[in-house]
Amino acid sequence: MRIVVCVKQVPDPNAGVARIDPGTKRLVRDGVPNILDPGVEVALEAALQLAEAGGDNTVTALAMGPESATEALRRALAMGAHEAALVTDPGLAGSDTLGTARALAAAIKQVGFDLVVCATESTDGYSGMVPGMVAELLGVPHLSFIRQLSATGDAITAQRVTAHGYQTLRCALPALVAIASGSHEPRYPALRGIMAAKRKQIATYDLAALGLGAADAGEAGARERVLALQPAEQRSAGAVIEDDGTAAARIADFLQQRGVL
Amino acid sequence: MLDFFAVESLLTPEQIAIRDTVREFVDGEVLPGIREWWDNYTFPLHLKNTIGELGLFGANLPEEYGCAGVDNVAYGLIQYELERGDSGLRSFTSVQGSLVMYPIYAYGSEAQKRRYLPELAAGRLVGCFGLTESDGGSDPGAMRTRARKDGDGWVLNGAKMWITNSPIADIAIVWAKDDENVVRGFIVPTGTPGFSAPEITSKMSMRASITGEIVLADCRVGPEALLPGVAGLKGPLGCLTQARYGIAWGALGALEAVYTTARDYAATRTTFGKPIAARQLVQDKLVRMVTDHSLGLLLAHQLGALKDAKRMTFTQVSLAKRNNVRVALNGARLAREILGGNGITTEYPVIRHMLNLETVDTYEGTHDIHTLIVGRDITGEGALE
């Protein structure tokens, strides 16, 4: 089975407050530590576990971004991906979600796939739209919020997180799955993996190689416009329930109102 | 990583990636539990499989024996990050790599290398190193442990002291004098009749590391136990150079841990209406710690570059081990002062590192012994003999 994992490099969410360029309204990525998206690490772990479960499987990490995104791909290789590919072109700057999905889908077709594995959303833009768009452009089913994954023959079985529990889905390949955050514990890249990653070639594709034009991706092709940005509201302190003999009942009511119980 | 002089700019992408993966491992798997393990005198043996999977045992030995084959700067960064967690953890991997795997690699037969190195690299076997005896660790040439030739094998008798990992080890590298008074090395499976390793249970340092004795009472081993590639004290001393190299890096990891704790504490602890970080005497202590860390890290990096270029001398290793451990210990004492009363509880990592570093300052060549090794080198006059 050929598994392609969509990989993204993001500013390190633990390195401090993310900065937005007020002119371009884009996240500042230069001069800040960039890392492999932690959500993608979870998706990659799911893909690696599936590949290691048996059979003749390859995992290809695919990123779209500037040259520096090769660092994220090297990390994916170090974790265990067999191959890596980068979609990079100056014309991709300013791509909206559809432009990103077009570029990724075109590259996935070139790489060849039976299963595409994505994170549910990225840890910078958080739009959560790209996996569904890529599935649509590839013409394959999109299984979202997946927490468990196994393969049998030419089909996968997946457990999907819903508001009320879990659905078990079975789906013929090819398909795309978006992995739920926190569902898998990413492995630490082993030293031998890091050393092997250094020796691996990373295939690159530009827009022309993917058969895409300026109208398909990048600023020129973008249909989304960011009109304004504002900082998220600070969370207010939670309610404190002091026990006057009724605390247990009040906590139970609180949880029941929110559908937890 | 504490890096006031941008040493990271001297590192390759692979060295940075290796440092980062060990740092993540320490943050994720070691720091959450280390206080409890240290307090309870427990070694986190469950970590050995992950350490093996990561490739941290004997990481600078070749891939053909199941090791990671990284360069010596990367190896040093590994020791740095492990000791940022705890000196006991670094000792565990350091002993396995430098004092067990290295002698098998450097002095062992091909059959010994094939048999033991992949198992030790994966953490499926644990090793220990028996050189020091109770009558004086600084003078290994005076060892009393004997290896008597008996048929085609050997009979070992004697006792070793302060042996990291001995109570949990599967094999021991034992150094003993043969019938001609020549020091020889042996790979001794710890299940061999006549081998025992009682644990030392009264340490106030290295409490998350298992230390024991080795007692050899007519312990008979076959000819395959002998390390054929070396005879004389240069065998064990060659291993110690490898281990001391790692310690020169590792101690700085402990210094980072105590420094960052003290700096963060000073920023939030208020006296007389100001954070104590605003006080000149506190700033002086913090600056001394950062200065020592910066100088030590540049020294360690250059030592690694020399080792990779095969130009490192054991005297340079002595100077670096001597300096970097002592400044780490001094830094830990300064951090303890900054934390005041909180500095004596294991709620903060400072006293744990400080007490561990008392051991690190003593083992693998005491501070004084390294002074005399360097002194002999620069004056041509031996004060050890």
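Residues numbered from 1 in each chain as written. Chains lettered and ligands numbered in written order. Predicted model: local features only at pLDDT ≥ 70, side-chain atom pairs only at ≥ 80, totals over all residues.

This brings us to the packing of helix H1 (residues 13–39) of chain B against helix H3 (residues 72–85) of chain B. Helices that pack against each other are described as a pair by the angle of their axes relative to one another and the distance between those axes. All names here are of chain B. Their axes nearest at 8 Å, the elements H1 and H3 cross at an angle of 20°. By the criterion of interaxial angle, the relationship of H1 to H3 is roughly parallel. Taken as a pair, H1 and H3 cross one another with a handedness that is right-handed. Along its contact with H1, which presents Glu14, Gln15, Ile18, Arg19, Val22, Arg23, Val26, Val30, Leu31 and Ile34, the element H3 presents Val73, Ala74, Leu77, Ile78, Glu81, Leu82, Arg84 and Gly85. (Axes fitted to C-alpha atoms, helices over the stretch in contact; angles between N-to-C directions. Helix = DSSP H or I, 4+ residues; strand = E, 2+ residues; numbered from the N terminus. Parallel < 35°, antiparallel > 145°, perpendicular 65-115°, else oblique. Left-handed = near helix turned anticlockwise from the far one by under 90°. Contact = placed C-beta atoms within 7 Å.)

A separate point is the environment of Ile276 of chain B. Residue and element names in this part refer to chain B. Within the element layout of this structure, Ile276 appears in the loop between strand S9 (274–275) and helix H7 (280–308). Counting along the chain gives 13 residues from Ile276 to Arg263, while the straight-line C-alpha distance between them is 9.6 Å. The contact partners of Ile276, leaving out residues within four places of it in the chain, are Ala266, Arg269, Thr271 and Val282.

A separate point is the sheet that holds strand S1 (residues 2–7) of chain A. Residue and element names in this part refer to chain A. Reading across the sheet, the 9 strands line up as S11-S10-S9-S12-S8-S1-S6-S7-S13 and stay open at both edges, with mixed pairing between neighbours. Of all the strands in the sheet, just strand S11 (166–172) and strand S13 (202–205) have a single pairing partner and so form its edges. The mean inter-strand angle of the sheet, taken between neighbouring strand axes irrespective of direction, is 30°. For strand S9 (residues 142–152) and strand S12 (residues 175–179), the ladder comprises 3 bridges, and the chain directions are parallel. Bridging across to S12, His142 finds its partner in Leu176. (Pairing = 2+ DSSP bridges.)

Turning next to the confidence of the model for chain B. The share of residues in chain B with pLDDT of 70 or more is 100%, and the mean pLDDT across the chain is 97. The complex model carries a pTM of 0.91, and its ipTM stands at 0.89. (pLDDT = per-residue confidence, 0-100.)

The interface of chain B with chain A comprises 15 residues on the first partner and 10 residues on the second. Breaking the side of chain B that touches chain A down by element, the ones donating at least two residues are H1 and helix H2 (47–54) of chain B. The element contributing the most residues to the side of chain B that touches chain A is H1 of chain B, with 7 residues.

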